[in-house]
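Examining the three-dimensional arrangement
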Amino acid sequence: MPFQSSTSLHAYGKGSEIWPECNEEPVVLATSFPGGVVPRAALNMLELSATAAGDDTTTVATPSSTAATINTADETVTEGEAIPTITTSTANKGPAVVAVALVALNCVGVRDAMSAGMLTMYLIALASWCAAPKSSSSNSSAVGGASLVVNMPSLPSKGHVPNIVANPLGASLTNSSLYRTWLRLGALLGLLLPMLSLTLLSLGSKYREGDVLGFFVGNSAGELVLGEVLETATSLSYMMHLGIVKRVLGGPMFLLCCQALTEAVARTAMLPLPIRILIPVAYNTLRIPSLHAWAFFPTSTAFVLSKPLRILGVANLLYWYANLFLFLIPVGVMRYLRAHFFAVEATEVTVRKGGDDSVGLLP
């Protein structure tokens, strides 16, 4: 068949030749994964598929004719060698350090700590169920009598990872300036400013600096506590109130650090997309009661929060409400579920005749 340019009026059809005939460079498996990192789950899946087909000579095309190298999160290993255990990178250790510091400084309430612990156990149970073999005779391929189909797969069965699975939100959204500005605003309101406030409160309590404490804590009449702090800082009631203020500020920040750490572990463990989007939704929901306690701190006590802290609490409450109901649920959950069910679990997708133009029309 003679060569036809792609700019011709005739569309490609069955039997048409593709130009160029082949790629100039070999196709590398790592290019199908985010950051060029081939996860352990994909490698195990390829090995099991090759064993099921009875092909012991199946190899992965690589740029080099020698042993292929696979980049992992922390180091480069050579095929044929033992693959090291994937560990959390240094950048992901920051939230863990902050969370431990908050617990050590008694800035986390019992309710927030128990909520994070119970949610963690629930997610571990879900991850274990997802990775458990699925007993199905019609949709499973056995290797030595063992089923390869799990309850909820995290990757497509054929090993290739499309862009919709690598980035369910879409590159146009994640690369937009509005999305990045929204994330920076959340880090500023939920982490940086509360951390600064807790630091100043701790320094003011340690060195008895009335100006520092008075900026954050006022009396019931709304006046700033300045000279009176020097006389009452050692009293038990004041120290108890200061501890309550620290826990009010530290609770939402502790949950945010737990969320960041859990999301990093979920990405490293290649959990299914529905579980990964459940993490920010669940933690965002857990932060709402703590933010309510911060924004609407009772004024009937001997001491009240000052206006700067109260404004910061209200701003956090409004931001995380908007993040939950205007972004996570209508955008994040929908796109993650669409990516999972259409690109991971679906074996065949049938497009309705007429496409979007026929939506709502009777057949």
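Note that the structure is predicted; figures quoted are calculated from it, not measured. (Residues numbered from 1 in each chain as written. Predicted model: local features only at pLDDT ≥ 70, side-chain atom pairs only at ≥ 80, totals over all residues. Heavy atoms only, no water.)

**Looking at the overall build of the chain**
Summing up its helical and strand segments, the chain has 11 helices and 6 strands in all. The contacts in the chain between residues at least 6 apart in sequence include a share of 67% that link residues at least 24 apart. Looking at the chain as shown, the accessible area adds up to about 22000 Å², and 63% of this sits on carbon and sulfur atoms. (Helix = DSSP H or I, 4+ residues; strand = E, 2+ residues; numbered from the N terminus. Contact = heavy atoms within 4.5 Å. Areas by Shrake-Rupley, 256 points an atom, 1.4 Å probe, with all protein chains shown as cover.)

**Here's the deal with the layout of surface pockets**
In this model, the second largest pocket occupies a volume close to 990 Å³. What lines the second largest pocket is a set of 35 residues, and nearest its centre among them are Y179, L183, Q259, E263 and R267. Elements represented by at least two residues in the lining of the second largest pocket include exactly α2 (93-104), α6 (177-207), α9 (236-268), α10 (273-295) and α11 (307-345). Sort the elements by how many residues they give to the lining of the second largest pocket and α9 lands first, with 8 residues. Tallied by class, residues from the lining of the second largest pocket come to 23 nonpolar, 8 polar and 4 charged. (1 Å grid on protein atoms, 1.4 Å probe; cavity = no way out; pocket = protein on both sides within 12 Å on 5 of 7 lines; lining within 4 Å. Points joined across faces, edges and corners; volume = space filled by probe spheres on them. Nonpolar A, V, L, I, M, F, W, Y, C, P; charged D, E, K, R; others polar.)

**A word on empty space enclosed by the protein**
One way to see where empty space is left: roll a probe the size of a water molecule over the atoms. Applying the stated rule across the entire model yields 3 cavities of 30 Å³ or more. Empty space within the second largest cavity amounts to approximately 50 Å³. Lining the second largest cavity are L189, G190, P194, L249, P252, M253, L256, R287, L291, W294, N316 and W320. Elements represented by at least two residues in the lining of the second largest cavity include exactly α6, α9, α10 and α11.

**Focus on the packing of aromatic side chains**
Summed over the entire model, instances satisfying the criterion amount to 4 aromatic pairs. Their ring planes at 20° and their centres at 6.0 Å tell us that Y321 and F325 sit as a pair that is stacked. Taken together, the residues span about one helical turn, with Y321 and F325 both in helix α11 at a distance of 4 residues. Among the aromatic residues, those joined into a ring-pair cluster are W182, Y319 and W320. The ring of W320 has R287 lying over it, and the distance from NZ or CZ to the ring centre is 4.1 Å. (Phe/Tyr/Trp six-rings, centres within 6.5 Å; stacked < 30°, edge-to-face > 60°. Lys NZ or Arg CZ within 6 Å of the ring centre and 35° of its normal.)

**A look at the confidence of the model for the chain**
Low pLDDT marks stretches whose predicted atomic positions should not be read closely. Taken over all residues, the pLDDT of the chain has a mean of 74, while the share at 70 or more is 61%. Put simply, strand β1 (residues 69-71) is where the chain has its lowest mean pLDDT, 35, and α10 is where it has its highest, 95. Predicted confidence is poor over residues 55-90, with pLDDT under 50, and the contacts of this stretch with residues over four places away or in other chains come to 46 contacts. (pLDDT = per-residue confidence, 0-100.)

**Remarks on the environment of L183**
Tracing the chain through its elements places L183 in helix α6. Classification of L183 by relative accessible area gives partly exposed; the value is 44%. (Buried < 20%, exposed > 50% of the residue type's maximum accessible area, 1.4 Å probe, protein only.)

**As for the side chain of D112**
Of note, D112 is situated in helix α3 (residues 110-131). For D112, which is buried and forms no salt bridge, the nearest opposite charge comes from R111, at a distance of 4.2 Å. Non-local contacts of D112, meaning those with residues more than four positions away in its chain, are made with G251, F254, L255 and S290. (Lys, Arg positive; Asp, Glu negative; His and termini not counted. Salt bridge = Lys/Arg side-chain N within 4 Å of Asp/Glu carboxyl O.)

**Remarks on unusual backbone geometry**
Despite not being glycine, N106 has its phi angle at roughly 60°, a positive value. Among the residues examined, N106 registers a relative accessible area of 46% and is labelled partly exposed. Phi is positive for M270, which is not a glycine, with a value near 55°. Positionally, M270 belongs in the loop between α9 and α10. For M270, a relative accessible area of 21% puts it in the partly exposed group.

**With respect to the packing of α3 against α10**
Look at α3 against α10: their axes get within 11 Å of each other, and the N-to-C directions meet at 165°. Compared by their axis directions, α3 and α10 come out roughly antiparallel. The two elements α3 and α10 cross, and the hand of that crossing is right-handed. Residues R111, D112, S115, A116, L119, T120, Y122, L123, L126 and C130 of α3 form the contact with α10, whose participating residues are I275, L278, I279, A282, Y283, L286, P289 and S290. Taken together, the residues of the contact of α3 with α10 break down into 13 nonpolar, 3 polar and 2 charged. (Axes fitted to C-alpha atoms, helices over the stretch in contact; angles between N-to-C directions. Parallel < 35°, antiparallel > 145°, perpendicular 65-115°, else oblique. Left-handed = near helix turned anticlockwise from the far one by under 90°.)

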